[in-house]
Amino acid sequence: MKFRTTEYFIKEVATSLKRNNWMSLASIGTVTISLFILGLFLMVVVNLDRMASTLESQVQISVYLKDDITKEQTEALRQKLNSLQGIDTVNYISKEDAMKRFSERLGDQKYLLSALDETNPLPNAFEITVKDPQLVKTASKEVENFPGVDTAVYAQDIVEHLFDLTRLIRLIGLAIIIFLAGATIFIISNTIRLTVFARRKEIAIMKYVGATDWFIRWPFLLEGVVLGFLGGNIAAILLRLAYMALTQKIYDMMTFFPLIPLYPFLTYITIIIILSGIVIGALGSVISIKRFLEV
Amino acid sequence: MKFRTTEYFIKEVATSLKRNNWMSLASIGTVTISLFILGLFLMVVVNLDRMASTLESQVQISVYLKDDITKEQTEALRQKLNSLQGIDTVNYISKEDAMKRFSERLGDQKYLLSALDETNPLPNAFEITVKDPQLVKTASKEVENFPGVDTAVYAQDIVEHLFDLTRLIRLIGLAIIIFLAGATIFIISNTIRLTVFARRKEIAIMKYVGATDWFIRWPFLLEGVVLGFLGGNIAAILLRLAYMALTQKIYDMMTFFPLIPLYPFLTYITIIIILSGIVIGALGSVISIKRFLEV
Amino acid sequence: MKSPTEINVIKMKSISKVYDNGAVALDNVDITIRRGEFVFIVGSSGAGKSTFVKLLLREIMPTSGHLLVNGYNVKKMPNREIPYLRRSLGVIFQDYRLLPNKTVYENVAFAMRVIESPRRLILRSVNSVLDVVGLRDKYKCFPSQLSGGEQQRVAIARAIVNNPALIIADEPTGNLDPETSWEIMDIFQRINAAGTTIVMATHDKMIVDTMQKRVLAIEDGRIVRDEASGGYGYEV
Amino acid sequence: MKSPTEINVIKMKSISKVYDNGAVALDNVDITIRRGEFVFIVGSSGAGKSTFVKLLLREIMPTSGHLLVNGYNVKKMPNREIPYLRRSLGVIFQDYRLLPNKTVYENVAFAMRVIESPRRLILRSVNSVLDVVGLRDKYKCFPSQLSGGEQQRVAIARAIVNNPALIIADEPTGNLDPETSWEIMDIFQRINAAGTTIVMATHDKMIVDTMQKRVLAIEDGRIVRDEASGGYGYEV
Ligand SMILES: Nc1ncnc2c1ncn2[C@@H]1O[C@H](COP(=O)(O)OP(=O)(O)OP(=O)(O)O)[C@@H](O)[C@H]1O
Ligand SMILES: Nc1ncnc2c1ncn2[C@@H]1O[C@H](COP(=O)(O)OP(=O)(O)OP(=O)(O)O)[C@@H](O)[C@H]1O
Ligand SMILES: [Mg+2]
Ligand SMILES: [Mg+2]
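Thresholds applied
- Residues numbered from 1 in each chain as written.
- Chains lettered and ligands numbered in written order.
- Predicted model: local features only at pLDDT ≥ 70, side-chain atom pairs only at ≥ 80, totals over all residues.
- Heavy atoms only, no water.
- UniProt positions renumbered as here; feature names shortened; annotations may be inferred.
- Pairing = 2+ DSSP bridges.
- Helix = DSSP H or I, 4+ residues; strand = E, 2+ residues; numbered from the N terminus.
- Contact = heavy atoms within 4.5 Å.
- Axes fitted to C-alpha atoms, helices over the stretch in contact; angles between N-to-C directions.
- Domains from an automatic or database assignment.
- Buried area = accessible area lost by both parts, 1.4 Å probe.
- Salt bridge = Lys/Arg side-chain N within 4 Å of Asp/Glu carboxyl O.
- Polar contact = N/O pair within 3.5 Å; in protein donor to acceptor, adjacent residues only side chain to side chain.
- Nonpolar A, V, L, I, M, F, W, Y, C, P; charged D, E, K, R; others polar.

- Chain C is annotated in an unreviewed UniProt entry as Cell division ATP-binding protein FtsE of Pectinatus cerevisiiphilus.
- Per UniProt, chain C carries the Subunit (unreviewed entry) text "Homodimer. Forms a membrane-associated complex with FtsX."
- We quote the UniProt Sequence similarities (unreviewed entry) comment for chain C here in full: "Belongs to the ABC transporter superfamily."

- In the annotation of an unreviewed UniProt entry, chain A is listed under the name Cell division protein FtsX and assigned to Pectinatus cerevisiiphilus.
- The Sequence similarities (unreviewed entry) comment attached to chain A in UniProt states, word for word, "Belongs to the ABC-4 integral membrane protein family. FtsX subfamily."

### Considering the sheet that holds strand 4 (residues 64-69) of chain D
Residue and element names in this part refer to chain D.
Here's step 1: With antiparallel pairing, the four strands of this open sheet are ordered in space as 2-1-4-5. Either end of the sheet is taken by a strand with one partner, and the two such strands are strand 2 (24-34) and strand 5 (72-73).
Here's step 2: Where strand 1 (residues 8-18) and strand 2 come together, seven bridges link them in antiparallel fashion. Paired with Asn 8 across the two strands is Arg 34, which belongs to strand 2.
Here's step 3: Each of strand 1, strand 2 and strand 4 touches helix 1 (residues 49-56); the most contacted strand, strand 1, lies at about 120° to it.

### A word on the domain arrangement of chain C
By a widespread convention, an interface's size corresponds to the accessible area lost as its parts come together.
Residues and elements named next belong to chain C.
Here's step 1: Along its sequence, chain C is organised into domain 1 (1-88 + 165-236) and domain 2 (98-163).
Here's step 2: Here domain 1 and domain 2 have C-alpha centroids that lie 23 Å from each other.
Here's step 3: Of the residues lining the interface, 14 residues belong to domain 1; the matching set on domain 2 comes to eleven residues.
Here's step 4: Between domain 1 and domain 2 the total buried area reaches about 920 Å² when both faces are included, carbon and sulfur atoms providing 69% of it.
Here's step 5: Our count for the domain 1 to domain 2 interface comes out at zero salt bridges.
Here's step 6: Linking domain 1 with domain 2 are four residue pairs in polar contact (both at pLDDT 80 or more).
Here's step 7: Here the side of domain 1 that touches domain 2 gets five residues from one element, more than from any other, and that element is helix 6 (residues 178-193).
Here's step 8: Grouping the amino acids of the side of domain 1 that touches domain 2 by side-chain chemistry returns eight nonpolar, four polar and two charged.

Here is the structure:
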């Protein structure tokens, strides 16, 4: 392909976008909206997944220590726990700390503690978290056999519910994203196909005067790329704004609900959305004109 | 309009759907997918809203009674609480019930109770729920002044967080539904516009041989209705299947997560989706051909 | 049809047409065509013949002047009356304008459907008019399956099927061989004899010279000749 | 262009074309056209002239037979070679086939762009060929802004701009007045004198009778006459 032809193609695309202006706008609008929806749910699903991971990582095992062990034994136990495979954090909670927490947890029933007459029946404990929450069960079994350990307990039913919940969130999230990606591809390429269809006679005429398939295809492909790029960009910008607004809103309303921080998350989303736009636009164009080239 | 013309229009629509078959399929596909997405999130949002309401309705006020009141006084208080405006349920919890519950709540720390030496420091109480959770604050204030009442408490920070959460869920849900509705309208009518655009010359020719606007419009309108109806129906069927599968899946995985029961919920959704399809299809057609009628 | 007793079917008073891009297609044209006339419009390529025709059916609006067609004031009529003006005409377009998604039969029938003719009448009339233009056996074909001349004849059939009081034909024999052209002219002559006014833009010197009807010659948008029974007028 | 020294530009051996709907458009046609010839194809409407033309540029495939055009075996050539066959021809289509979204200039230039001509050459050639057909001042117009005859002349300009060795014209003067038609025929004659082969389907009796070139008459898909220098052949 000669340079003047490349130049011609680029001019062609500009002219075509201008002359078919409302079709171009319609395509860009469709690309924008589809990719915006896709991006939105991508962000939601990624956030939910993160949240699920956070929840899972917070499952703890409380390792209650026997009352009679010494500081040295406790220290040795900490070492042992630390060196255990798959353990994430190890925290020592003295019986005093435990009582303080317990009294906080009782809230308006704190007066119950007065019945204890200043005695503290709570044991010293380690609280450990594991890297892979699936390990909770085996880890707690193992730890129970360590010297100085009385019992190791965790909220069994909550953990199991939690796994169900996070599995469900991930499953549904993945299903939604796959479905939305399919829908986006369908809708965008469908729109492009209709715009190409409206120009099928042009394509045939070009072939009749001796244009090769690629000579016809290139401007359409470039046009698809431009439409996809523009639509993807607008969608990406809207997504950024939406996410920032949402983060702010959620932060204002409920501080305990942490979203994934803006960067580099938004950068990834931007790249994914724009790339999707370009690829779907280009492929949509090329595939759509295929059947009209056969003359 | 004469009967034979109506008959002709109906035949026209059938013929047109057949002759422009891939354009018809493209339109139906777009209607189906857009409405499916809309319907899916409508179902999700309605469910979330229901869940939020359930959560809110479970906010209770614990009304602790003075230790020294008689059975009659207690009974009188129950009457008084029952007759209070905005009160939903009133439950009596004796100090024994309370202790049982408390010991259950302590779980693996149950042994703490042994320190109480069989004394029960818990008071008798009424647990009341209010119809409108916004009333919790005022209701608890009012109840505290009733004779025989010691204090009336509720989980203040949890309730406030809860309200934030449900408000956020409703806000985002509503925003998503409005946005998706707009996107659906845009995408469907855009697709229809492109199919009409591909037939703009036909429309002009019809006008040149003396057809009135409505003579041209009717078949397009009916075609839009048929496309919308078909697309809406397919979407509705898919939505039913999806919801049933999801309900089953969620029920299998986590019984504590109740979705809105299938009927009449699905009936409403079906009606909404099919009606949307018809209305958007019809309006999309009529609006799209408007500019091509001006010859 | 409005005022069918009006003697002047077409009345143009100082009509001009300037297109959006500044092209002057008609320049101050005054013409009157009476009921029952047979008028040829001749002129070189781009003279303004089709513009003249398009004005008559209000495909385009005159830039200035006054135009009456079949009793309709074309410039001032409300949009909703346009279909009725067009139904009172039978138009053969230079580019045929057949409906691509309709068969030959359906294309011709369409002109009758818009005036809500009874189905039986449609069947009869369409078949007979397809016979007349020699396309009875092609009734099931789509326009894309026809030769150029066949398409042109479908356009002719559609224009005459409703027996309009005024037939406007823009180059109706451009894609027909001389023999078929004469068959069509025969039909026109018979229709004309029955009282229908015919206005026909044409390049066919032989037809114009032979028929000796009224000839309007347009040049650069101006009427340069108006002879009661003339010839094509250019010697080559 | 393949084998430019081949003496037979077109070689048809028992070519038949039956369309999908069963219409027999060409029936066992044998024709040879040599380099430098000027051939008229005549025949009534629907005889098969356009079918003949469409076969030459492989717009349609022959149902049976053997066809060589400019050295290309039309029936057996791979799809990717079709553009090169078409570039070796200059075709004027009966329905013009102009690109609606391109101006007159761009339409003509397009035929040069596909063969990647240098920009300067395009500018020069297009302007001169638009001069030849008398449309230099309309170069900025879109096809929809042209009269029928003007569109036809753009199609003619596009067909000749690349100086093809074979020009195939399907009814190139159908929408032109006699004067303009003769101007076009003049151009064709000059191009032909310079060695270009010209095959022209036409209904214009006057042109065929005057020019006294080779005439192929088709009737119902069969060649019924092949005269070295004949007339249109029908008396009316
Ligand atoms: N695509 C098609 N499908 C079916 N039949 C066709 C098709 N194209 C042409 N025909 C038929 O084939 C016959 C020859 O058509 P062709 O276009 O070759 O005629 P022609 O000689 O060019 O006529 P004209 O002078 O009217 O242009 C006609 O009867 C026509 O109806
Ligand atoms: N839509 C338009 N916009 C701009 N100019 C136009 C338009 N239609 C026609 N013209 C110009 O107006 C002039 C008259 O055109 P018209 O179609 O009336 O010619 P005509 O006499 O019918 O020619 P032909 O015999 O070639 O059909 C021409 O110069 C043409 O270029
Ligand atoms: Mg004209
Ligand atoms: Mg032909």
